[in-house]
Amino acid sequence: MSLSRKIAIAGVGASAQGRLPGSTPITLATDAFKRALDDAGLKKSDIDGLLTMPGTTSPEASLNYLRLGETLGIDPQYTGSMTLGGGTAGALVQMAAAAIHAGLATTVACVFGDTAKTGGSKFSRASGWGDSWGIWGMFAAAANSAIAASRHMALYGTTSRHLGEVAVACRRHASMNPNAVMREPITIEDHQNSRFVVEPFHLLDCCLISDGGVCIIVTSAERARHLKQPPVVIAGMGQAYTTQNMEREDWWYVPHQKDALKRAYAMAGVGPKDIDVAQLYDNFTMSVLLWLEHAGFCGVGEAGPFVEGGRIQLGGELPVNTAGGNLSESYMEGWLHIVEGVRQIRGECGERQVAGAETCLVTGRGMTLNCSNAMILQQG
C-alpha cells in the first residue's frame, strides 16, 4: 500500500503505427523514447533506468536493453528486459515503480519497439508451450480466446453480435484518433459479414498486427510535479499469474485476472463505480467481455448484454478503449492502452476525451492467457 500514489507516469511517446517499411525495432523505439522525453520535459541524461520488451521479429532485430542503451547513449543503473506478451507493458511499469520506490533508480524509461507487420509475424505457432497443443490442431492466439468465447456463449447465451459491439466501439473511437491505423467506422453488420478466422471469431473480432514503438517514463510523484506535464499517479497496481491451463476446468475464464484487479482496487482504495474510463486489453473482442466481468462492472455471464446500446462507447456509462485499442488503433501489445490512459487523465484527447475523467483502469494480459495485470491511474 505504501506505493499508492507515490509513483507517477511523467511522459509518454509513440512512433507512427501500422506498416512502416525501412523501420527497425530500434529506430521505432528510439523515436518513441525521444517523444516521451519531450513530453515529460526531460533530457536523456535524466534517465537512470531502462526496461525493454523484445519484439516479435528475429533475435538479431529484437529490442533489448543493451542494444537500445547503446543506441540511446545511456548507461542506466537499473535495467532489464522482459517478455510476457500483452502483459509486459503493465508489468514493466510496475517493476519501474517498485525500483523507484526502493531507491534503485529515479526515472525509468519503459520501451517497446516492433516490426511485426513488415516482419511477417503471424502469431500462428502452437498455442501451448512448444507444440503441446498443436497436436490437437490448436494453433495461434486466436484459438485460446475462441474457446473462451464458445464456452461463454454456451453457458450464458452470449452472442457474436455482443462481440461485435466491442469491435464497433473500438472502431468508433479509433475514427477520432488521428494516429489510429484503422479509422473507417464499422457496423454490427460489417462485423457479422467479415470472414471467420477461428469460429466464433470473425476477422473484426481480432486485433491488428503492427509496426511501431512506445515509451512510458516513470518517476516519483514528487519529481513529476516539477516536470512539463500534469503528473498521472499510479493509485493502484496488481498482478496475477497461473501456470496451469487446460488441466483447470475454468482456465478458459482466466480467473486470475480477477485477482490482479482485486489487488489494484485494494491498493487504490477504489472500486468499479469509481472508474471513469477503462483501457482493457483487447487482443480479441472476447477479452473485453471477460475483463468487464472480472473488474466488477457486471456479473459473471452478463458482459454480453452489458455492452449493448453503446454502453462502452464514448458518451456511454463506461467508455472503453477510447483510442481504438489493439482492435483498431494499433497492436502494440497493450503499451498504447497505458498511453491512452495517461492522456485521458490529462484531458488531452480532443473529441474522444471522456469529460471529467479522473480515474482510469488499465489492464494487460499475455502469453497463453497466463499473465495479467491491472493499474489504476489518477490525477496527481
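Summarised in this report is the structure supplied together with it.

The rules behind each value
- Residue indices follow the written sequence of each chain, beginning from 1 at its first position.
- Local features are withheld for residues below a pLDDT of 70 in this predicted model, meaning they are given only at 70 or higher, and side-chain atom pairs are given and counted only at 80 or more; totals for whole chains, interfaces and linings count all residues.
- As a rule here, side-chain values cover all heavy atoms of the structure and leave hydrogens and water aside.
- In DSSP terms, a helix is any run of H or I states spanning at least four residues, a strand is any run of E spanning at least two, and both are numbered starting from the N terminus.
- We take the radius of gyration over the C-alpha atoms and set the globule estimate at 2.2 Å times the residue count to the 0.38 power.
- Each residue gets one of three labels from its accessible area relative to the maximum for its type: buried under 20%, exposed over 50%, partly exposed in between, using a 1.4 Å probe on protein chains only.
- By definition in these notes, contact holds between two residues if any of their heavy atoms fall within 4.5 Å.
- Positive charge is attributed to Lys and Arg, negative charge to Asp and Glu, and no charge count is given to His or to the chain ends.
- Just so you know, the charge point we use is NZ for Lys, CZ for Arg, CG for Asp and CD for Glu.
- Pairing between two strands is assigned when DSSP locates at least 2 bridges connecting them.
- Two rings belonging to Phe, Tyr or Trp (six-membered ring only in the last case) form a pair when the distance between their centres is within 6.5 Å. Interplanar angles under 30 degrees mark stacking, angles over 60 mark edge-to-face geometry, and anything in between is tilted.
- By definition, being over a ring means that NZ of Lys or CZ of Arg is both within 6 Å of the ring centre and within 35 degrees of the ring normal.
- Any Lys or Arg side-chain nitrogen found within 4 Å of a carboxyl oxygen on Asp or Glu counts as a salt bridge.
- Any pair of nitrogen or oxygen atoms within 3.5 Å is treated as a polar contact; in protein, a donor-acceptor pairing is required on top of that, and neighbouring residues in sequence qualify only through side-chain atoms on both sides.

1. A closer look at the overall build of the chain
Right, on to step 1. Along the chain, the regular secondary structure elements total 12 helices and 11 strands.
Right, on to step 2. Compactness check: the chain gives a C-alpha radius of gyration of 19 Å against a globular reference of 21 Å for 380 residues, within 12% of the reference.
Right, on to step 3. In the chain, which comprises 380 residues, the proportion classed as buried is 62%.
Right, on to step 4. For the chain, contacts bridging at least 24 residues in sequence account for 76% of all contacts bridging at least 6.
Right, on to step 5. Separation between the mean location of the 30 positive side-chain charges and that of the 35 negative ones in the chain comes to 3 Å.

2. A word on the pairing of strand β7 (residues 211-220)
Right, on to step 1. Within β7, 9 of the 10 residues are buried, which leaves it mostly tucked inside the rest of the structure.
Right, on to step 2. In this structure, strand β4 (residues 107-115) lies alongside β7, joined through 9 bridges in antiparallel fashion. Its bridge partner lying in β7, valine 111 is registered against cysteine 215.

3. Brief notes about the packing of aromatic side chains
Right, on to step 1. By the definition in use, this model includes 3 aromatic pairs.
Right, on to step 2. The interplanar angle of 5° and the centroid separation of 5.3 Å between the aromatic rings of phenylalanine 201 and phenylalanine 284 together place this pair among those described as stacked. In this pair, phenylalanine 201 is assigned in strand β6 (residues 201-202) and phenylalanine 284 in the loop between β9 (277-279) and α9 (285-294), connecting sequence segments 83 residues apart. The pair phenylalanine 201 / phenylalanine 284 is uniform in exposure class, with both members buried.
Right, on to step 3. On the basis of an interplanar angle of 70° and a centroid distance of 5.3 Å, the ring pair of tryptophan 252 and tyrosine 253 is categorised as edge-to-face. Here tryptophan 252 matches tyrosine 253 in class, with each residue buried.
Right, on to step 4. Its end group placed over the ring of phenylalanine 306, arginine 311 keeps NZ or CZ at 4.6 Å from the ring centre.

4. Structural notes on unusual backbone geometry
Right, on to step 1. Along the chain, glutamate 199 connects to proline 200 via a cis peptide bond; the corresponding omega equals 10°.
Right, on to step 2. Within the secondary structure, proline 200 is located in the loop between β5 (196-198) and β6.
Right, on to step 3. You will see that valine 254, though not glycine, has its phi angle at about 40°, which is positive.
Right, on to step 4. Note on placement: valine 254 falls in the loop between β8 (232-241) and α8 (256-268).
Right, on to step 5. One non-glycine residue, glutamate 333, lies in the positive phi region at around 50°.
Right, on to step 6. Here glutamate 333 lies in the loop between α11 (325-328) and α12 (335-346).

5. Section: the side chain of aspartate 282
Right, on to step 1. Among the secondary structure elements, aspartate 282 is positioned in the loop between β9 and α9.
Right, on to step 2. For the buried aspartate 282, no salt bridge exists, and the shortest N-O distance to an oppositely charged side chain is 9.5 Å, to arginine 365.
Right, on to step 3. At 3.3 Å, the side chain of aspartate 282 forms a polar contact with the side chain of asparagine 321.
Right, on to step 4. One polar contact links the side chain of aspartate 282 to the main-chain amide nitrogen of asparagine 326, over a distance of 2.9 Å.
Right, on to step 5. In this view, aspartate 282 contacts Cys170, Cys207, Ser287, Val288, Asn321, Gly324, Gly325, Asn326, Leu327 and His337; residues no more than four positions away in its chain are not counted.

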